[in-house]
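Below, each chain spelled out in residue letters.
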Amino acid sequence: MEVDDTDGGETSLRSKITSPGESLTSSQAFMRGHGTYVEDDEVIASVAGTVERVNKLITVRPLQTRYNPEVGDLVVGRITEVAARRWKVDANSRQDAVLMLSSVNLPGGVQRRKLESDELQMRTFFEEGDLLVAEVQAFFADGAMSLHTRSLKYGKLRNGQLVTVPPILILRLKSHFYSLPCGVDLILGLNGYIWVSKHVKDNEQEGEEGFDAEAVYSNQNDEIDDATRAAVARVSNVIRVLAAHFVPLNDTVLVEAYEWVVEQEYTVKDLLLREDVADALVSAVATARPDL
Amino acid sequence: MGSRVEILNDGGYRSDGRRQFELRDIAIDLSRHGQADGSAMYTQGLTEVLVTVFGPREAKLRSQTIHNRANINVEVNIAAFSTGERRKRSRGDKRILELGAAIKSTFEPVIQTHLYPRSQIDIFVQVLQQDGGLLSAAINATTLALITAGIPLFDYVCAVSSGVHSTHAMLDLTTLEENDVPHLTVAVMPRTGKITLVTLETRLHSDRFEEVFRIACEAGKVLHEEMRNAIKARTSALARAMGEGHPAGAPSNREGDEDFEMGDD
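These notes cover the structure that comes with them. Note that this is a predicted model, so its numbers are computed, not measured. (Residues numbered from 1 in each chain as written. Chains lettered and ligands numbered in written order. Predicted model: local features only at pLDDT ≥ 70, side-chain atom pairs only at ≥ 80, totals over all residues. Heavy atoms only, no water.)

**Describing the interface of chain B and chain A**
Moving on, step 1. Listed by partner, the interface residues are 41 residues for chain B and 39 residues for chain A.
Moving on, step 2. Around 3,300 Å² of area is buried between chain B and chain A when both sides are counted, 53% of it from carbon and sulfur atoms.
Moving on, step 3. Together, B:Glu58, B:Arg191 and B:Met242 form the three largest contributors to the area buried by chain B at its contact with chain A, with a combined 22%.
Moving on, step 4. On the surface where chain B and chain A come into contact, there are 7 salt bridges.
Moving on, step 5. Ionic pairing is found between B:Glu58 and A:Lys88, a salt bridge with its closest N-O pair at 3.9 Å.
Moving on, step 6. Our enumeration of links across chain B and chain A arrives at 11 residue pairs in polar contact (both at pLDDT 80 or more). (Contact = heavy atoms within 4.5 Å. Buried area = accessible area lost by both parts, 1.4 Å probe. Salt bridge = Lys/Arg side-chain N within 4 Å of Asp/Glu carboxyl O. Polar contact = N/O pair within 3.5 Å; in protein donor to acceptor, adjacent residues only side chain to side chain.)

Here is the structure:
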C-alpha cells in the first residue's frame, strides 16, 4: 500500500485499514507516528487499525487498545493501593495512575498545606476499591500519569454504577459531565470508564461555603428510590449494548437511546437478554450519532 | 515403521486424506471475550486454542516489573478433556511450563515491549482440543490475540509444524503422525522471513532438515495471508460500525473456513 503524496486523499486514507508488518510508505518523505516503526527506509505499521495522516506524519490508530492519556483528560478510576503520600489508581491505562496527596482537596479549606496528620489518615479520604473522577495533571518520566481532584467537580463517586467500554468510543467533548432528563447523572471518562449515578442537584454539589469534606469523602450512598434505580440500570444497559456494537457515545446518542427504550416499553433486562432489541436499538440511534 | 496406520500411502495421501503439503481447515474467531483486551479462538483441524490477552497493565507483583520495557507473562492451561485420554495436568507440569516458556521466547523479540516500561502483558492460553500442532496453534492464536488487543508488533508470527516420513516432507501433522515421524515446529515472521522459533524434540536426519524447514517457512507465509484477512475483516467491521449506522459484525466472526493446498512441487 502506498500513500500518495499528490492527491488530496485525506478521506480515502482515513478509511484505509492496515495490520502489523505492512509497509505504508517511504520514511524519506514521511515521518513515523504512533503505531508505526521504521525499518530499511520504510514506514511500517505495528498495529491493526486505520491509517491517519497529518501533513507528513503517518500514524496508525488501533481500534481496540488501552487508554492513552493526555494532560487535561477527564478519567474515572479505582483506587488499587494506598502508598506513601500517594494513591495508585487503576484507570485502564498501561500503568496505574498516581494521585498525590498534595493534589486532592483536603478538609478544612480548599487551599492549605498538607500536614503529617493528613498522611496518617489517607484512608479516610480514599480507600482501596473507591471510585473517583479526576483529571490528568502531568506525566512521570516512565509515562505513568499523575491525576488531580482539585476541583469541586472531581472526587469520590457514590450513588451509581460503573460501566466500562472501549476507550476509543468516548470522544473528546467540551464537557464530560451530563445530566440526562431521566434523572441520571453521567460521567464519561475518556479512559472508557463511565459512571452512571443518581442526579445530584447543583447547589447540593457545590455546598454553600465551597467545600464540605464530610460529603465529598463520604462512603454512604444517599437514599435512591426505585424509579431512579431503574433509570440508572436502563442507562447502563443502553451503554453496554451500544458499546458491544461499537457505537461512539455522547449525550445525544444516549438520550435518544433511552427515550427509544422507554417508548418501546422494553424492560431493563430485555436490552441485554434479547438480541433483536439490541439490534433495533442500534439502528434507532443511527441518526443521532456524532460525526467522526 | 512398525505402525499399523500408513502415514503416507502409495497414492500420496495421508491417513486423514490430505496431501503431503496440505494444511488442515483453519477457523479464526476474534470476537471480544469478557474483560480481556484482546482474544482469539484459533481452530486448525481438531486442534482448538483460545488465547486471551490482558494489558499492557500494571504488574501484579513489583518484582516482575522491568524498568525499561514490558514484562510478558504467559500462562498455559490444557483442558483435561482436550485429548482422547482424559488426563488432568497440574499448572506446575513441566510440559506446560515448557510450552509457556516457548511462547514467551517466541514473542519477546516481536512485541515492541520498549514502548511500555514497567508494565506487564498477560497472555492466557487455553487449550480446548488437541490433535497435533499444539505449539503452532498456540503461537498463531497468540499473534491474533495480541493484534486485537492493539499491542504493537514488528510483524505477525506464523507457526506451523512439519515432519518427514522416510524421504517425504509433510506439513501440519496430526497427533497420529506426530507419534510416528520426526517433526519440528517453525515460527516465521513473514515480512522479513526471520525465524523466531524452531523446536525439534525428535531425532531428524540432518540431510532432511533443510527441506522440512524450508517447506515450513513457506507454509507460514500462506498462514499469514489467512490471519491477515481475518484481522482486516474484524478491523474494518469495527471501523464501519464506528463510522456509520451499521451494526458491527455480529459477535461471532468466523472467517476463513477454507482448505489450502500447497503445490506438490
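**Section: the sheet that holds strand β2 (residues 26–29) of chain B**
All names here are of chain B.
Moving on, step 1. Spatial ordering of the open sheet is given by β2-β3-β4-β6-β5, a layout of 5 strands whose pairing is mixed. Strands at the two margins of the open sheet, each flanked by one partner only, are β2 and β5 (71–78). For this sheet the average axis-to-axis angle between neighbouring strands, irrespective of direction, equals 15°.
Moving on, step 2. Bridge analysis of β5 against strand β6 (residues 119–129) gives 8 bridges, and the strand direction is parallel. Within the sheet, the bridge partner assigned to Ile78 lies in β6 and is Val127.
Moving on, step 3. Sheet strands touched by helix α1 (residues 94–107): β5 and β6. Its angle to β5, the strand with the most contacts, is close to 145°. (Pairing = 2+ DSSP bridges. Helix = DSSP H or I, 4+ residues; strand = E, 2+ residues; numbered from the N terminus. Axes fitted to C-alpha atoms, helices over the stretch in contact; angles between N-to-C directions.)

**Some details on the environment of B:Ile195**
All names here are of chain B.
Moving on, step 1. Structurally, Ile195 is set in strand β10 (residues 194–200).
Moving on, step 2. On the basis of relative accessible area, Ile195 is assigned to the partly exposed category, the value being 31%.
Moving on, step 3. Each C-alpha atom of the pair Ile195 and Val157 lies 8.8 Å from the other, and the pair is 38 residues apart in sequence.
Moving on, step 4. The residues contacting Ile195, other than those within four sequence positions of it, are Val186, Ala187, Val188, Phe213 and Cys217. (Buried < 20%, exposed > 50% of the residue type's maximum accessible area, 1.4 Å probe, protein only.)

**Focus on the pairing of strand β7 (residues 57–62) of chain A**
Residues and elements named next belong to chain A.
Moving on, step 1. Relative to β7, strand β3 (residues 31–32) runs parallel, the two sharing 2 bridges. Residue pairing in the sheet places Met31 in a bridge with Leu57 of β7.
Moving on, step 2. Adjacent in sequence and paired antiparallel, strand β6 (residues 49–54) and β7 are bridged by 2 residues, among which Asn55 carries a positive phi angle near 50°.

**Structural notes on the environment of A:Glu135**
Residues and elements named next belong to chain A.
Moving on, step 1. Mapping Glu135 onto the fold places it in strand β11 (residues 131–139).
Moving on, step 2. Residues contacting Glu135, with those up to four places away along its chain left out, are Gly72, Asp73, Ser146, Leu147, His148 and Tyr154.
Moving on, step 3. Among the polar contacts listed, one links the side chain of Glu135 to the side chain of Tyr154, at a separation of 2.5 Å.

**Regarding the packing of aromatic side chains**
Moving on, step 1. According to the stated counting rule, one finds 8 aromatic pairs over all chains in the structure shown.
Moving on, step 2. Taking 5.1 Å as the distance between ring centres and 45° as the angle between the ring planes, the aromatic pair formed by A:Phe125 and A:Tyr217 counts as tilted. Separated by 92 residues along the polypeptide, A:Phe125 in helix α3 (residues 122–125) and A:Tyr217 in the loop between α5 (213–216) and α6 (226–244) bring together distant segments of the chain.
Moving on, step 3. Assessed through its relative accessible area of 8%, A:Tyr217 is described here as buried.
Moving on, step 4. Ring plane angle 15° and centroid distance 5.4 Å describe the contact between B:Phe209 and B:Phe213, whose orientation is recorded as stacked. Of this pair, B:Phe209 and B:Phe213 both sit in helix α4 (residues 206–243), 4 residues apart, roughly one helical turn.
Moving on, step 5. Overall, the relative accessible area of 30% leaves B:Phe209 in the partly exposed class.
Moving on, step 6. Following the ring pairs from residue to residue traces out a cluster consisting of A:Trp87, A:Phe125, A:Phe126 and A:Tyr217.
Moving on, step 7. Its guanidinium or amino end placed over the ring of A:Phe30, A:Lys56 lies 5.1 Å from that ring's centre, counting from NZ or CZ. (Phe/Tyr/Trp six-rings, centres within 6.5 Å; stacked < 30°, edge-to-face > 60°. Lys NZ or Arg CZ within 6 Å of the ring centre and 35° of its normal.)

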